[in-house]
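# Per-entry structural report
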Amino acid sequence: MLQNVETETRSLEDYRPIVGDEAIEEIHALAESLQGARVVHVNATAFGGGVAEILQTLVPLMRDVGLDAHWQVIEGTGDFFNVTKAMHNGLQGMDLPLTAEMKATWQRHNELNAKKFEGHYDFVVVHDPQPAGLLHFTAGEQGAHWVWRCHIDTSHPNPRYWDFLAPYINEYPAAVFTMKEYVGPGIDFKHLAIITPTIDPLSPKNTPMEPAEADAIVARYGLDADRPLLVQVSRFDPWKDPLGVIDAYRIVKERMPSVQLALVGSMASDDPEGWDYYDRTVRHAGEDFDIRILHNFQGVGNREVNAFQTAADVVVQKSTREGFGLVVTEAMWKGKPVVGGNAGGIPLQVIDGQTGFLVGSVEACADRVLYLLQNPVEAKEMGQAAREHVRRHFLSSRHLADYLRLFNQLLR
Ligand code: UDP
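Conventions adopted
Residues numbered from 1 in each chain as written. Predicted model: local features only at pLDDT ≥ 70, side-chain atom pairs only at ≥ 80, totals over all residues. Heavy atoms only, no water. Helix = DSSP H or I, 4+ residues; strand = E, 2+ residues; numbered from the N terminus. Buried < 20%, exposed > 50% of the residue type's maximum accessible area, 1.4 Å probe, protein only. Contact = heavy atoms within 4.5 Å. Areas by Shrake-Rupley, 256 points an atom, 1.4 Å probe, with all protein chains shown as cover. Lys, Arg positive; Asp, Glu negative; His and termini not counted. Charge placed at Lys NZ, Arg CZ, Asp CG, Glu CD. Near = heavy atom within 4 Å. Polar contact = N/O pair within 3.5 Å; in protein donor to acceptor, adjacent residues only side chain to side chain. Nonpolar A, V, L, I, M, F, W, Y, C, P; charged D, E, K, R; others polar. Pairing = 2+ DSSP bridges. Axes fitted to C-alpha atoms, helices over the stretch in contact; angles between N-to-C directions. Phe/Tyr/Trp six-rings, centres within 6.5 Å; stacked < 30°, edge-to-face > 60°. Lys NZ or Arg CZ within 6 Å of the ring centre and 35° of its normal. Core = buried A, V, L, I, M, F, W, Y, C linked by side-chain atoms within 4.5 Å. Salt bridge = Lys/Arg side-chain N within 4 Å of Asp/Glu carboxyl O.

## Regarding the overall build of the protein
- Of the regular secondary structure elements, the protein holds 16 helices and 13 strands.
- Dimensions of the protein along its principal axes, counting C-alpha atoms only, are 65 × 55 × 35 Å.
- The 412 residues of the protein split such that 59% are buried.
- Here the contacts in the protein between residues at least 6 apart in sequence split such that 74% fall between residues at least 24 apart.
- Here the protein has roughly 16,500 Å² of accessible surface; of this, 50% comes from carbon and sulfur atoms.
- Within the protein, one finds 37 positive and 55 negative side-chain charges whose respective centroids are separated by 2 Å.

See the structure below:
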């Protein structure tokens, strides 16, 4: 059997005061025809990164409204996750080789995981490329509706990777992408749903934290809450551009010497590149003690991420590629204006000049950060607009509604 991931319980009623009656009633109506429907989500990791974050809430919410929902993770060796990380990068357009051995590793692990896939389901939702071969190697369980949920931007993939993966993806009758533009070339799904990720306003990461508590937590990591603080929370990954964030911070620092920078990153179990890029980031920061580079092995968990996002004066997300960017949503929900890279899903969230600023270079990033630090009243207003934007569009209850809508369509 594939490993089952336990989740906490969630009650949709608890979301009512935040999202309003209409949204909740709509969900109950959508769930009516799906009572008892057996659903399994399959992905590569129970911890670290956006997908695990989403499933942590989505699965128990599905249960709460009457579906029999589960979450399972595939198994893999270091070899396999090296290949899938390369695949992730290749699918987002990086120029990398794809050897026959790499292909065989991916196929072998998908085949092994397919053998371990047990149970009978009405809906099987397979997340991202790592387990995308499950449908092929299980030959598709009778009666189940298979959905491939792609969280990354495959609009301009490296053809070596795309040509290899496309036949496996093509077998899925239904797919979910974050943006229409992300669907790679030459694939025509029978059902295509566009669903953006969301955050859970009731998770420890996103529930309101008193400023004093947030300040005390960041102080434990050597930061002074009385001085301006820039924060980027991200895996250590070239697309997240932590080196560019340091460069932008340095420009800001020339004008505002008291500024500090915290780069907070988790090491996901399916991301072997993380430590290498962490080392590069540390080297790039050099001897500047106003830069703190932290990760989950230093006790940075959900509450700490919350604290950093709450204590920040400006949150930066300088990605050059970004599927969606849940960290942007999380920061906006805390009323922070975000200076974000004009990439992928970030512009869905950051409306330039209203809920934050979009930037395309280190210089522009530094310029907008400085502007927000020097204009705190405007920064606060933008932060409020950011929070409202998230409340309306990017909270878990909306995500649940979108999936229920898709399941209903597949049943028809
Ligand atoms: N995250 C975390 N600790 C960290 C860094 C990231 O808990 O040190 C979480 C972050 O809060 C967010 C998720 O990991 O919920 C990252 O999702 P995102 O969509 O921003 O990026 P991905 O890692 O999926 O590319």
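Moving on from the model shown.
## A closer look at the site of the ligand
- Surveying the vicinity of the ligand reveals 16 residues, the closest of which are Lys205, Arg235, Lys240, Ser266 and Glu330.
- In this structure, Gly50 approaches the ligand through a main-chain N or O atom, which is 2.9 Å from an oxygen atom.
- In the model, an oxygen atom of the ligand is placed 3.4 Å from a nitrogen or oxygen of the Gly265 main chain.
- Its free accessible area being 540 Å², the ligand has 89% of it covered by the protein chains.
- Per-element tally for the shell around the ligand: the top contributor is helix α12 (residues 326–333), with 3 residues.
- Grouping the amino acids of the shell around the ligand by side-chain chemistry returns 5 nonpolar, 5 polar and 6 charged.

## Observations concerning the sheet that holds strand β2 (residues 38–43)
- Spatial ordering of the open sheet is given by β1-β3-β2-β4-β5-β6-β7, a layout of 7 strands whose pairing is mixed. For this open sheet the edge positions go to β1 (3–4) and β7 (191–194), each flanked by a neighbour on one side alone.
- As paired strands, β1 and strand β3 (residues 68–73) are joined by 2 bridges and run antiparallel to one another. Counterpart to Asn4 in the pairing with β3 is Gln72.
- Here helix α16 (residues 396–411) sits on the sheet in contact with β2, β4 (123–127), β5 (145–150), β6 (174–177) and β7, set at roughly 125 degrees to β4.

## A few points about the side chain of Ser234
- Tracing the sequence through the fold places Ser234 in the loop between β8 (229–233) and α9 (242–255).
- Among the polar contacts made by the side chain of Ser234, one reaches the side chain of Gln317 at a distance of 2.9 Å.
- Setting aside its immediate chain neighbours within four residues, Ser234 contacts Lys240, Val264, Gly265, Ser266 and Gln317.

## Comments concerning the packing of aromatic side chains
- In total, this model carries 18 aromatic pairs according to the counting rule given.
- These aromatic residues form a ring-pair network of at least three members: Trp106, Phe137, Phe164 and Tyr168.
- Directly above the aromatic system of Trp333 lies the positively charged group of Arg387, at a separation of 3.8 Å from the ring centroid.

## Thoughts on the nonpolar core
- Judged by nonpolar contacts, the single largest core of 73 residues is most densely connected at Met62, Leu67, Phe308, Leu400, Leu404 and Phe407.
- Considering every element that reaches this core, the biggest residue donor is helix α3 (residues 50–64), with 8 residues.
- The next biggest cluster of nonpolar side chains, apart from the first, holds 43 residues, and it includes Leu2, Leu98, Trp148 and Tyr172.

## So, the pattern of salt bridges
- For the structure on display, the rule yields 22 salt bridges.
- Two residues, Glu75 and Lys116, come together in a salt bridge whose shortest N-O distance is 2.6 Å. In this pair, Glu75 is assigned in the loop between β3 and α4 (78–91) and Lys116 in helix α5 (residues 100–116), connecting sequence segments 41 residues apart.
- Shared partners join several salt bridges into a network, and the residues in it are Glu13, Arg16, Asp21 and Glu25.

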